[in-house]
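Structural features, examined
For reference, the chains in residue letters:
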Amino acid sequence: MNAFADPPAALLQAHDLTAERGGRPLWRGLALRLSAGECRWLRGANGSGKTTLLRTLAGLRAPAAGRIERGPLRYLGHANALSAELTVLESLRWTAGWQGLPADTPLKPALERLGLAREARRPVRLLSQGQKRRAALAALALPQPAGTVWLLDEPFDALDDDGVARLQGLLTAHAEAGGAVLFTSHQEAAAVAVRRGDDLRLAA
Ligand SMILES: Nc1ncnc2c1ncn2[C@@H]1O[C@H](COP(=O)(O)OP(=O)(O)OP(=O)(O)O)[C@@H](O)[C@H]1O
């Protein structure tokens, strides 16, 4: 390795971030730098503020104080945010359009990546919980700008071993392609196997 190589680019930075919930401080003065190639585990007890931090970093919540520098990102919350009446394919088409992708963007590769090609024409409401999770995760396999940051809240939830392995492959490939990931998980084995970079721990 070249000792004088440039450090990996920062894809997201948070400075002196403070959050409150219900008038109570959750965390104060939090600093974070997510660099290209990282896949970092955001840890902390129930209620420590992981979801709040991810939503704040994604711009879905205003911090009580502090500043965030961010580029392209994808946020996936606890809820899968799928429309029950659409088919899996229609739902992914809707997401692709919302992300500004051309209408003829091929979607099958993303479904195949999550092992969902056979469910493409089934309505979302008929899927199992794990299949719904896979359908939501398929959005991550769509084309996206270089250096996109993924902010993922419990992405391993409801997945079987095959689903976990597929998601780990997706996360690793994204980091290796110069993206970055910050994810929460209460599934230690899955998280340990995929992490690259230091864990970020929130105090309870
Ligand atoms: N809408 C709300 N109004 C007030 N307080 C809230 C609200 N939503 C969450 N909180 C509080 O904010 C704190 C942090 O919640 P958050 O969901 O960010 O934690 P978490 O670390 O993601 O927890 P978990 O591991 O259980 O998912 C908790 O104490 C919670 O009770």
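Residues numbered from 1 in each chain as written. Predicted model: local features only at pLDDT ≥ 70, side-chain atom pairs only at ≥ 80, totals over all residues. Heavy atoms only, no water.

If you look the protein up in an unreviewed UniProt entry, it shows as Heme ABC exporter ATP-binding protein CcmA from Pelomonas baiyunensis.

What follows covers the environment of E154. Mapped onto the elements, E154 comes out in the loop between β6 (149-152) and α5 (161-176). Residue class for E154 comes out buried when judged on its relative accessible area of 5%. Distance in space between the C-alpha atoms of E154 and Q187 is 8.6 Å, their sequence separation being 33 residues. (Helix = DSSP H or I, 4+ residues; strand = E, 2+ residues; numbered from the N terminus. Buried < 20%, exposed > 50% of the residue type's maximum accessible area, 1.4 Å probe, protein only.)

The strands that make up a sheet are held in pairs by hydrogen bonds between backbone atoms, and each pair lies either parallel or antiparallel. The strand order β5-β6-β7-β3-β8 describes an open sheet built from five strands, whose pairing is parallel. Two strands bound the open sheet, and with one partner strand each, they are β5 (73-76) and β8 (200-201). Looking at chain direction, β6 and strand β7 (residues 180-184) are connected through four bridges and run parallel. Looking across to β7, one finds that W150 is bridged to V181. (Pairing = 2+ DSSP bridges.)

Before going further, it helps to examine the domain arrangement of the protein. Where interface size is quoted, it is often the accessible area lost as the parts come together. Split into domains, the protein comes out as domain 1 (1-72 + 145-204) and domain 2 (82-143). Computed over C-alpha atoms only, the centres of domain 1 and domain 2 are separated by 23 Å. At the interface, 16 residues of domain 1 touch 11 residues of domain 2. Across the domain 1/domain 2 interface, buried area totals approximately 1000 Å², and carbon plus sulfur atoms make up 63% of it. Applying the counting criterion to the domain 1 and domain 2 interface returns two salt bridges. Across the pair D162 and R134 runs a salt bridge whose closest N-O atoms are separated by 3.1 Å. Where domain 1 meets domain 2, there are six residue pairs in polar contact (both at pLDDT 80 or more). For the side of domain 1 that touches domain 2, the elements supplying multiple residues, two or more each, are β6 and α5. Counting residues per element, the side of domain 1 that touches domain 2 draws most heavily on α5, at seven residues. Residue composition of the side of domain 1 that touches domain 2, grouped by class: eight nonpolar, two polar and six charged. (Domains from an automatic or database assignment. Contact = heavy atoms within 4.5 Å. Buried area = accessible area lost by both parts, 1.4 Å probe. Salt bridge = Lys/Arg side-chain N within 4 Å of Asp/Glu carboxyl O. Polar contact = N/O pair within 3.5 Å; in protein donor to acceptor, adjacent residues only side chain to side chain. Nonpolar A, V, L, I, M, F, W, Y, C, P; charged D, E, K, R; others polar.)

Quick look at the site of the ligand now. Neighbouring the ligand are 14 residues, the closest being G47, G49, K50, T51 and T52. Here T52 contributes a side-chain N or O atom positioned 2.6 Å from an oxygen atom of the ligand. The separation between an oxygen atom of the ligand and a polar side-chain atom of H186 is 3.0 Å. Taking 640 Å² as the accessible area of the ligand by itself, protein coverage stands at 61%. Elements with a minimum of two residues in the shell around the ligand: β2 (24-35) and α1 (50-57). Classifying every residue of the shell around the ligand by side-chain character gives two nonpolar, nine polar and three charged. (Near = heavy atom within 4 Å. Areas by Shrake-Rupley, 256 points an atom, 1.4 Å probe, with all protein chains shown as cover.)

Here we take up the nonpolar core. In terms of nonpolar packing, the biggest core is built from 34 residues, with L92, L152, F156, L171 and F183 touching the most fellow members. Those elements giving two or more residues to this core turn out to be β3 (39-43), α2 (88-98), α3 (108-113), α4 (129-137), β6, α5, β7 and α6 (188-194). Take this core: its biggest share by element is four residues, from α5. The residue makeup of this core includes at least three contributed by each of domain 1 (1-72 + 145-204) and domain 2 (82-143). Listed in part, the 22 residues of the second largest apolar core include A14, L54, L57 and L151. (Core = buried A, V, L, I, M, F, W, Y, C linked by side-chain atoms within 4.5 Å.)

In this structure, the largest pocket spans a volume of roughly 620 Å³. In terms of lining residues, the largest pocket is bounded by 26 residues, among which Y75, A81, T95, W98 and Q99 are the most central. Among the elements of the structure, β5, α2 and α4 are those that each provide at least two residues to the lining of the largest pocket. For the second largest pocket, the lining is made up of 14 residues, of which Q144, W150, A173, H174 and A177 are closest to its centre. The biggest single contributor to the lining of the second largest pocket is α5, with three residues. Here the residues of the lining of the second largest pocket sort into eight nonpolar, five polar and one charged. Both of domain 1 (1-72 + 145-204) and domain 2 (82-143) provide at least three residues apiece to the lining of the second largest pocket. (1 Å grid on protein atoms, 1.4 Å probe; cavity = no way out; pocket = protein on both sides within 12 Å on 5 of 7 lines; lining within 4 Å. Points joined across faces, edges and corners; volume = space filled by probe spheres on them.)

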